[in-house]
Amino acid sequence: MYRIGKEEAEEVTKVLASKNMFKINDVNRECERFEEELREKFSVSHSIFVTSGFGALTSALTAIGAGPGDEIIIPAYTYIATAMAVVACGAIPVICDIDETYTIDVKKAEEKITERTKAIIPVHLQGFPCNMDAVLALAAKHNLLVVEDACQADGGSYKGRRLGTIGIAGAMSFNHFKIISAGEGGALLTNDDKIFARSLIYQDACAIAFFGNQLDGIDEPQFCGSEFRANEVSAAILRMQLRRLDGILSDLRKNKAKLTAILSKDYKIGKSNDIEGDCGTILPLVFDDEESAREFAAAFENEAFLPIDTGKHIYNNWTAIMEKRGAFNPLMDPFKHPKNIDYVPDYKNEVYPVTLSLLAKSVFIPINPDWTDEDIENIVDGFRKRAANK
Ligand SMILES: Cc1ncc(COP(=O)(O)O)c(C=O)c1O
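Residues numbered from 1 in each chain as written. Predicted model: local features only at pLDDT ≥ 70, side-chain atom pairs only at ≥ 80, totals over all residues. Heavy atoms only, no water.

**Student:** Explain helix α2 (residues 30-42) to me, using residue names and the numbers behind them.
**Tutor:** Helix length check: α2, at 13 residues, gives a terminal C-alpha distance of 18 Å against a target of 18 Å (1.5 Å per residue), a fit within 8%. Those residues of α2 not exposed but buried are Glu 30, Cys 31, Phe 34, Glu 35, Leu 38 and Phe 42. Buried residues of α2 fall within an arc of 135° about the axis and therefore sit on the same side. Where α2 is buried, its residues touch α1 (6-18), β1 (46-50), β7 (161-162), β8 (169-173), β9 (186-190) and α8 (232-263). Phi for Ser 43, located one or two positions after α2, is positive at around 50°. (Helix = DSSP H or I, 4+ residues; strand = E, 2+ residues; numbered from the N terminus. Expected span 1.5 Å × (residues − 1). Buried < 20%, exposed > 50% of the residue type's maximum accessible area, 1.4 Å probe, protein only. Arc of directions from axis to C-beta. Contact = heavy atoms within 4.5 Å.)

The structure is reproduced here in structure tokens:
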């Protein structure tokens, strides 16, 4: 989380005073208004505020009809939740290498396509936009659906279109580590009426028919789903956070550009599919090898890290997926489902060379939107002194 202040506290106080924190109500209507404001800011016809990015992803995947017999292509560099959402729907994640932009390598994704491939999930990890032109072209050629994971890229864009609004559906996250946050939270965005209707039923399967008029205009049949219903307190915070979003992004991008201008004289900057739409949260530097990357990161002290060290963001640390345990009860396990069992990848023995080598020789510098020019100079000076004295 980057910025939060008294405005959020005031809005929360109003909700608490109303003594109504349930999503569907006629008192505050914070969730309803947050969904409206999301639609407006992201120029989409439908939005659903849910409890998590995982909830948004599983709602979207359920709504496209993903299930046993389906394969869904995901990148090797993403948080484990992307893979888990696929498994939660009964489908099989097919892992694909990334390219030098740290996002899915669309050419390699094409090699992974079989007659079972239903969808591809481009993940805009660390706010780096995927090559959506290539993703959409691949999807059109092979009749795949595109569900965007924009959980680490709130508000970013690709060629002027907000991330999460380019595929048939997109997921955002508002957990503590995201660009805007209420501690936890997520949103599903879509322009597709049927995806919206099914996601709506799925994300709040029990309350949907009992409270308010949520099912007005919905002609999809009800089915048993899950419970990812959000609440008024989080919505009150996020309405305020949404107003800050473009300012946060603009300051992140500005500071990233300033640091880039200084460091690009001596270091190689990681490639981007759209630097203007990039969220600006991370400045990636690429070194010749891991040793040089570690040396740089050490001199940058706490300001920098190697992405290879980020645990569950890298496929080989997704223990449950690597060990193919898709559920506690084996009868519920998609990896053991008769429609999947012959097609489960041998994850542990597959290699994704760019993912492992690029992440090991890269250093990521997290950008702070509140840095002043002086802060940036001090950071760089401190780094230069430490590097010279090593
Ligand atoms: C790329 C990605 N996808 C999905 C998620 C899941 O989001 P949440 O934690 O809100 O469920 C995360 C969360 O960190 C994420 O980084």
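**Student:** Summarise the site of the ligand; cite the residues concerned and give the values.
**Tutor:** Of all residues adjacent to the ligand, which total 16 residues, the nearest are Gly 53, Asp 149, Gln 152, Ser 173 and Lys 178. Residue Gly 53 places a main-chain N or O atom 2.7 Å away from an oxygen atom belonging to the ligand. Residue Asn 175 places a side-chain N or O atom 3.0 Å away from an oxygen atom belonging to the ligand. For the ligand, whose unbound accessible area comes to 380 Å², protein coverage reaches 91%. Listing elements by their share of the shell around the ligand, those giving two or more residues are α3 (53-63) and α4 (80-88). (Near = heavy atom within 4 Å. Polar contact = N/O pair within 3.5 Å; in protein donor to acceptor, adjacent residues only side chain to side chain. Areas by Shrake-Rupley, 256 points an atom, 1.4 Å probe, with all protein chains shown as cover.)

**Student:** An account of the packing of α8 against helix α12 (residues 373-388) is needed here, citing residue identities and associated values.
**Tutor:** Where α8 contacts α12, the two axes come as close as 11 Å, and the packing angle between them is 35°. In this structure, α8 meets α12 at a crossing whose hand is right-handed. Seen from α8, the contacting residues are Asn 255, Lys 258, Leu 259 and Ile 262; seen from α12, they are Asp 373, Ile 376, Val 380 and Arg 384. When the residues that make up the contact of α8 with α12 are grouped by side-chain class, the tally is four nonpolar, one polar and three charged. (Axes fitted to C-alpha atoms, helices over the stretch in contact; angles between N-to-C directions. Left-handed = near helix turned anticlockwise from the far one by under 90°. Nonpolar A, V, L, I, M, F, W, Y, C, P; charged D, E, K, R; others polar.)

**Student:** Describe the packing of α1 against α8, with residues and values.
**Tutor:** In the contact formed by α1 and α8, the axes pass within 8 Å of each other and the chain directions differ by 150°. By the angle between their axes, α1 is roughly antiparallel relative to α8. The two elements α1 and α8 meet at a crossing, and its hand is right-handed. On the side of α1, the interface is formed by Glu 7, Glu 8, Glu 11, Val 12, Val 15 and Leu 16, while α8 contributes Glu 232, Val 233, Ala 236, Ile 237, Met 240, Gln 241 and Arg 244. (Parallel < 35°, antiparallel > 145°, perpendicular 65-115°, else oblique.)

**Student:** Could you give me a rundown of the environment of Asn 378, with the residues and numbers involved?
**Tutor:** Looking at where Asn 378 falls in the secondary structure, it is placed in helix α12. In this structure the C-alpha to C-alpha distance between Asn 378 and Asp 193, which are 185 residues apart in sequence, comes to 51 Å.

**Student:** Residues and numbers for the pairing of β8, please.
**Tutor:** If a strand is regular, its side chains alternate between the two faces of the sheet. In terms of burial, β8 is largely enclosed, as five of its five residues are buried. Going residue by residue along β8, you find Ala 169, Ala 171 and Ser 173 tucked away on one face and Gly 170 and Met 172 tucked away on the opposite face as well. The pairing of strand β5 (residues 145-149) with β8 spans three bridges and is parallel. Paired with Glu 148 across the strands is Gly 170, a residue of β8. Pairing analysis gives four bridges linking β8 to β9, with the strands arranged antiparallel. Following the sheet pairing, Gly 170 is matched in β9 by Leu 189. (Pairing = 2+ DSSP bridges.)

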